[in-house]
Amino acid sequence: MPGRLNGSRLAEILTRESAAFASRTAGSAALLETARGVMPDGVPMAWMAGLYRHRPIFVAEGFGSCFRDVDGNTYLDFNHADLSNTIGHGENAVTRRIARQAARGMQFLLPTEDAIAVSQLLRNRVGLPMWQYTLSASAANTEVIRIARAFTGRQKIVLFEGKYHGHIEPTMAEGGAPGANADAAPDGMGISARATADTVNVPFNDIPALARALQDGDVALILTEPALTNCSLVLPEPGFLEEAYRLAKAAGALFALDETHSWQFAYGGLIRAHGLSADFVTLGKGLGSGMPLGAYGMTAELGGFVERHRDVDVAQVRGLAIGGTTYGSAITLAAAHAVLEDILTEAAYTRVAVLGSRLADGIERIITTHGLPWRAFRYGPRSGFCLAPELPRNLDEALPSLDQAFSDARRVFMANRGIWEAIASAGPQVSFVHTEADIDRYLEVAEDFIAAVSAD
Ligand SMILES: Cc1ncc(COP(=O)(O)O)c(C=O)c1O
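The model shown is predicted, which means the values in this text are computed figures rather than measured ones. (Residues numbered from 1 in each chain as written. Predicted model: local features only at pLDDT ≥ 70, side-chain atom pairs only at ≥ 80, totals over all residues. Heavy atoms only, no water.)

A. Spatial organisation of the overall build of the chain. The number of helices and strands found in the chain is 17 helices and 15 strands. Classification of the 456 residues of the chain by burial places 52% in the buried group. The contacts in the chain between residues at least 6 apart in sequence include a share of 71% that link residues at least 24 apart. Accessible surface, the chain: about 19,000 Å² in total, of which carbon and sulfur atoms supply 54%. In the chain, the 39 positive side-chain charges and the 51 negative ones have mean positions that sit 2 Å from each other. (Helix = DSSP H or I, 4+ residues; strand = E, 2+ residues; numbered from the N terminus. Buried < 20%, exposed > 50% of the residue type's maximum accessible area, 1.4 Å probe, protein only. Contact = heavy atoms within 4.5 Å. Areas by Shrake-Rupley, 256 points an atom, 1.4 Å probe, with all protein chains shown as cover. Lys, Arg positive; Asp, Glu negative; His and termini not counted. Charge placed at Lys NZ, Arg CZ, Asp CG, Glu CD.)

Structure below.
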């Protein structure tokens, strides 16, 4: 166990707290029993069971920064459905706009004026001029990869170890670095090895490795988060993303920033905050704030390419394989319009960054008080425990912070005290509705947990 934490103490806590959790959630357990008859693991989407070591609970309702389960337990939410709803639960400007649009029609397979407004707002914030919409960030990344392959006439894509870009074939791939003597292999059952053979993974913050991956001139796209957010938090070293973009251009490849998570770290995303360049930017999750929505922005040149290669129904010559009948719907774009206009304002990002510092400072304080050789992760609203003395620069260095025993024990300990902790590979993160009191409550419980684990 890293630092002074004790593995058997973590196991004891997990056993004790899991028993308490089970007794507090009997109503959920009964529902789960019924649900198991009609859904594997009793959940409508397998991850709802796979993300946690405790059994899933059934939610009765959400309000502001909290939600309540069917047993009447209230949780202060620091996960926000893994950042797919960072504007809080229950009625707000977005739900009111959704209700208004729903009453007028949810989907026409035709544009509504919200599509123009959302695209203009995104253009102004992110800087890329042309936009398209899907129902998830995964689907947006799928389309970005397809456009890049069609545009460049190449197949290879370069990703960074520790990445996550959705459960899609080309990115669910491990390995394949130049010189590895083997193609990238599927990172999960059900993925075809043929679908991952054109993927190359290199370490983040490693320019020489990236240059080697590009040297044969056969790469269509480099796809990366501007900071890796799915293996704890790995920030780019100064100049890394700028040099990666420059190398992409020199090698005739396109460069995409997946800001599905990081767009919530800073107004307009990290592309704006750091003046970065990209051919594509992917968004999702918090942009719909509960409404399934993905989006990608692209340069004018790529927008022109999409126009020239429009897929025409029943035509003999196929265009770009992008789109879906429910993408870009009236209802999702009404939601995104309200999210952008009414909630994710520049002032709101500023407020949340202040709360994020309060969270990260508090975590640092807990670490120092208990004499642990650790750090706090911090970027805007995002924080967390870095279980190492130095912040990580790549996946290998991030791995100690993904300690399963630490996160399992912490999650259930905190749930029993009314905090819904982030999933193991992420957060906690401040949402747009959190208050100082919410942050302080998180820190109080986190400190109790660290005290319980590190007591002699
Ligand atoms: C960076 C990034 N890209 C894409 C995705 C996929 O998002 P979704 O599952 O909503 O399609 C995720 C999900 O965690 C993500 O973190």
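Still more ground to cover, so stick around.
B. Structural view of the packing of helix H16 (residues 404-415) against helix H17 (residues 436-454). Direction vectors running N to C along H16 and H17 enclose 130°, while the axes themselves pass 10 Å from each other. Accordingly, the angle class assigned to the pair H16 and H17 is oblique. The interaxial crossing formed by H16 with H17 has right-handed handedness. Judged by residue contacts, Phe-406, Ala-409, Arg-410, Phe-413 and Met-414 of H16 engage Tyr-442, Val-445, Ala-446, Asp-448, Phe-449, Ile-450 and Ala-452 from H17. Across the contact of H16 with H17, the residue classes break down as ten nonpolar, no polar and two charged. (Axes fitted to C-alpha atoms, helices over the stretch in contact; angles between N-to-C directions. Parallel < 35°, antiparallel > 145°, perpendicular 65-115°, else oblique. Left-handed = near helix turned anticlockwise from the far one by under 90°. Nonpolar A, V, L, I, M, F, W, Y, C, P; charged D, E, K, R; others polar.)

C. Fine view of the environment of Pro-170. By secondary structure assignment, the location of Pro-170 is in the loop between strand E5 (156-160) and strand E6 (173-174). Measuring from C-alpha to C-alpha, the distance between Pro-170 and Ala-46 comes to 21 Å, with 124 residues separating the pair along the chain. Among residues more than four places away in sequence, those in contact with Pro-170 are Ile-145, Arg-149, Ile-157, Leu-159, Ala-195 and Thr-199.

D. Quick peek at the nonpolar core. Ranked by internal contacts, the top residues of the largest apolar core, which has 87 residues, are Leu-122, Leu-210, Trp-263, Leu-287, Phe-385, Tyr-442 and Phe-449. Formed jointly, this core draws a minimum of three residues from each of two domains, domain 1 (7-86 + 347-454) and domain 2 (92-343). With residues up to four places along the chain from it excluded, the contact list for Trp-263 reads Leu-122, Arg-125, Val-126, Gly-268, Gly-269, Leu-283, Leu-287, Leu-340, Leu-344 and Tyr-349. Residues Ile-147, Ile-168, Tyr-296 and Phe-305 belong to the second largest nonpolar core, which totals 20 residues. (Core = buried A, V, L, I, M, F, W, Y, C linked by side-chain atoms within 4.5 Å. Domains from an automatic or database assignment.)

E. Spatial organisation of the site of the ligand. The ligand sits among 14 residues. The nearest are Ser-138, Asn-230, Asp-258, His-261 and Lys-285. Within the complex, 88% of the 390 Å² of free accessible area of the ligand lies under protein. Among the elements that make up the shell around the ligand, the one with the highest residue count is helix H7 (residues 137-152) (three residues). Per-class residue counts for the shell around the ligand are two nonpolar, eight polar and four charged. (Near = heavy atom within 4 Å.)

F. How the structure looks around the packing of aromatic side chains. As enumerated under the stated definition, the model contains 19 aromatic pairs in all. Relative to Tyr-442, the ring of Phe-78 lies with its centre 4.7 Å away and its plane at 45°, an arrangement referred to as tilted. Placement of the pair is Phe-78 in the loop between strand E3 (74-77) and helix H4 (80-83) and Tyr-442 in helix H17, with a sequence separation of 364 residues. Judged by relative accessible area, Phe-78 falls into the buried class, the value being 1%. For Tyr-442, a relative accessible area of 0% puts it in the buried group. Note on Trp-374 and Phe-406: the rings are 5.5 Å apart at their centroids and 75° apart in plane angle, and the pair reads as edge-to-face. Placement of Trp-374 in the loop between helix H14 (346-369) and strand E13 (375-379) and of Phe-406 in helix H16 is noted, with a sequence separation of 32 residues between them. Classification of Phe-406 as buried rests on a relative accessible area of 2%. Counting every residue linked through ring pairs, the aromatic cluster contains Trp-374, Phe-385, Phe-406, Phe-413 and Phe-449. Its end group placed over the ring of Phe-413, Arg-417 keeps NZ or CZ at 3.6 Å from the ring centre. (Phe/Tyr/Trp six-rings, centres within 6.5 Å; stacked < 30°, edge-to-face > 60°. Lys NZ or Arg CZ within 6 Å of the ring centre and 35° of its normal.)

G. Here's a closer look at empty space enclosed by the protein. Taken as a whole and assessed by the stated rule, the structure comprises five cavities of 30 Å³ or more. Counted as a void, the largest cavity has a volume near 100 Å³. Taken together, the elements giving at least two residues each to the lining of the largest cavity come down to strand E14 (382-386) and H16. Split into classes, the residues belonging to the lining of the largest cavity amount to six nonpolar, six polar and two charged. In this structure, the second largest cavity spans a volume of roughly 70 Å³. Considering the residues around the second largest cavity, the lining is formed by Leu-51, Tyr-52, Arg-53, Ser-407, Asp-408, Arg-410, Arg-411, Glu-421, Ala-422, Ile-423 and Ala-424. (1 Å grid on protein atoms, 1.4 Å probe; cavity = no way out; pocket = protein on both sides within 12 Å on 5 of 7 lines; lining within 4 Å. Points joined across faces, edges and corners; volume = space filled by probe spheres on them.)

H. Molecular detail of helix H13 (residues 330-343). A rise of 1.5 Å per residue sets the reference length of H13, with its 14 residues, at 20 Å; its end C-alpha atoms lie 19 Å apart and thus fit the reference within 8%. Burial analysis of H13 places twelve of its 14 residues in the buried class, the great majority of the element. Packed against the buried residues of H13 are helix H5 (93-104), helix H6 (113-126), strand E4 (130-134) and H14. (Expected span 1.5 Å × (residues − 1).)

Read these as spatial facts, not as claims about activity.
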